[in-house]
Amino acid sequence: MELADKKSLTVVLEDVDQRLLFGQNDIALKVIEANFIARLVARGDRLTIEGAPKDVDQVARLVDDLITRIRQGDIITEQYLHYAISMVKENGHGPANDISTENLLTSALKKAIKPKTVGQSKYVDAVDKHDIVFSIGPAGTGKTYLAVAMAVAELKANRVKRLVFTRPAVEAGESLGFLPGDIRAKVDPYLRPVYDALYDMLQPDKIRKLLDLGVIEIAPLAFMRGRTLNEAFVVLDEAQNTSSAQMKMFLTRIGEKSKAIITGDVTQIDIEKPQSSGLVRVQKILKGIEGISFVYLSDKDVVRHRLVQRIIKAYERAEKPRRRE
């Protein structure tokens, strides 16, 4: 690397396990070098960063963020490393201090479930402070998974008496009518993401028992009509596929000592008239009402495979010209 304007900076790595910081075979250093005009050399407890002045400063902030993350008790995953790089480039600092370190709960596999991005932290904080929270964002941002985790945590803490998970039974380009069985047999596959999240957090026999007792209910949105849900944690998933009337019906089911999360992705509306989506319209109708919060997640909050972020961005680019037409 030959640069006319070059800077060198040495970072002292005190009380940090370099295996956690650099990764196996120094993979983290290689990823950082691939994303900045900089070269990193580790010797003993010192890391030397050489390169373009702006990049050297950003890498130093990135390394500081990674060290903070390790001291918080977390490991540096590939997903976090790329997320931190994007945040440093965009904001000038890493995300570690803005992400909650508090566990929501421990999964059935003894895995700590907690926010992984700044957006997810804002989401969890909003649910803690408000009775009704709308979480709006693209696929892979943890909208449903975190909603289920927060609901289960509330139930375990005895702050609610039951959990209700619901979705509008809209056919996303596929027909449910041909499926065999009763209405539950037809709709259960459509509600599978909720079941998947629950099975991550509770043992199967526990889930079956709670379902049998009615402590956990998973049902199509139409089943909510005429009910009042007291002391419940209620989650409406895929809310972009509700009509405005359905959204109003759902929101007016909320009773005393209850919380509600409404999740959805306004770029994946499956109803015939997308502009009439209840999730689209509710943002204007309920804006500014005390006790209600809207949290917007972006492609930066995607916690699935890194390619999901690229896919989302590619579709956004492809759809922009169509929106102008």
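The preceding data block contains the structure.
Residues numbered from 1 in each chain as written. Predicted model: local features only at pLDDT ≥ 70, side-chain atom pairs only at ≥ 80, totals over all residues. Heavy atoms only, no water.

Student: Outline the overall build of the protein chain, supporting the account with residue identities and numerical values.
Tutor: Scanning the protein chain for helices and strands turns up 12 helices and 11 strands. Evaluated residue by residue, the protein chain yields a buried proportion of 46% over its 325 residues. Here the contacts in the protein chain between residues at least 6 apart in sequence split such that 69% fall between residues at least 24 apart. Of the roughly 17600 Å² of accessible surface on the protein chain, 49% is carried by carbon and sulfur atoms. (Helix = DSSP H or I, 4+ residues; strand = E, 2+ residues; numbered from the N terminus. Buried < 20%, exposed > 50% of the residue type's maximum accessible area, 1.4 Å probe, protein only. Contact = heavy atoms within 4.5 Å. Areas by Shrake-Rupley, 256 points an atom, 1.4 Å probe, with all protein chains shown as cover.)

Student: Account for a nonpolar patch on the surface, with residues named and values stated.
Tutor: Where nonpolar side chains cluster on the molecular surface, the patch consists of Leu307, Ile311 and Tyr315 and spans about 320 Å² of accessible area. Structurally, Ile311 is set in helix α12 (residues 306–324). Judged by relative accessible area, Ile311 falls into the partly exposed class, the value being 46%. (Patch = residues over 30% accessible without salt bridge, like charges linked within 9 Å, V, L, I, M, F, W, Y side chains within 5 Å. Salt bridge = Lys/Arg side-chain N within 4 Å of Asp/Glu carboxyl O.)

Student: Mind laying out a positive patch on the surface, listing which residues take part and the relevant values?
Tutor: The grouping of Lys110, Lys156, Lys206 and Lys209 at the surface amounts to a positive patch. Position of Lys110 relative to the elements: it lies in the loop between β4 (105–106) and β5 (112–113). Overall, the relative accessible area of 72% leaves Lys110 in the exposed class. (Lys, Arg positive; Asp, Glu negative; His and termini not counted. Charge placed at Lys NZ, Arg CZ, Asp CG, Glu CD.)

Student: How would you sum up helix α8 (residues 192–201)? Please name residues and give values.
Tutor: In an α-helix, one turn spans 3.6 residues; hence positions three or four apart end up facing the same way. Turning to α8, its buried residues are Val194, Tyr195, Ala197, Leu198 and Met201. With its buried residues spanning 165° around the axis, α8 presents them on a single face. (Arc of directions from axis to C-beta.)

Student: An account of the packing of helix α2 (residues 27–35) against helix α4 (residues 78–91) is needed here, citing residue identities and associated values.
Tutor: Direction vectors running N to C along α2 and α4 enclose 35°, while the axes themselves pass 11 Å from each other. Here α2 runs over α4; the crossing is right-handed. Counted together, Ala28, Val31, Ile32 and Asn35 of α2 and Leu81, His82, Ile85 and Lys89 of α4 form the full contact between these two elements. Split by residue class, the contact of α2 with α4 holds five nonpolar, two polar and one charged. (Axes fitted to C-alpha atoms, helices over the stretch in contact; angles between N-to-C directions. Left-handed = near helix turned anticlockwise from the far one by under 90°. Nonpolar A, V, L, I, M, F, W, Y, C, P; charged D, E, K, R; others polar.)

Student: Give me the lowdown on the packing of helix α6 (residues 143–156) against α8, citing residues and values where you can.
Tutor: At a closest axis distance of 9 Å, the pairing of α6 and α8 adopts a crossing angle of 50°. Relative to α8, α6 is oriented oblique. Pair α6 / α8 crosses with right-handed handedness. Along the contact surface, α6 presents Thr144, Tyr145, Val148, Ala149, Val152 and Lys156, while α8 presents Val194, Ala197, Leu198, Asp200 and Met201. Residue composition of the contact of α6 with α8, by class: eight nonpolar, one polar and two charged. (Parallel < 35°, antiparallel > 145°, perpendicular 65-115°, else oblique.)

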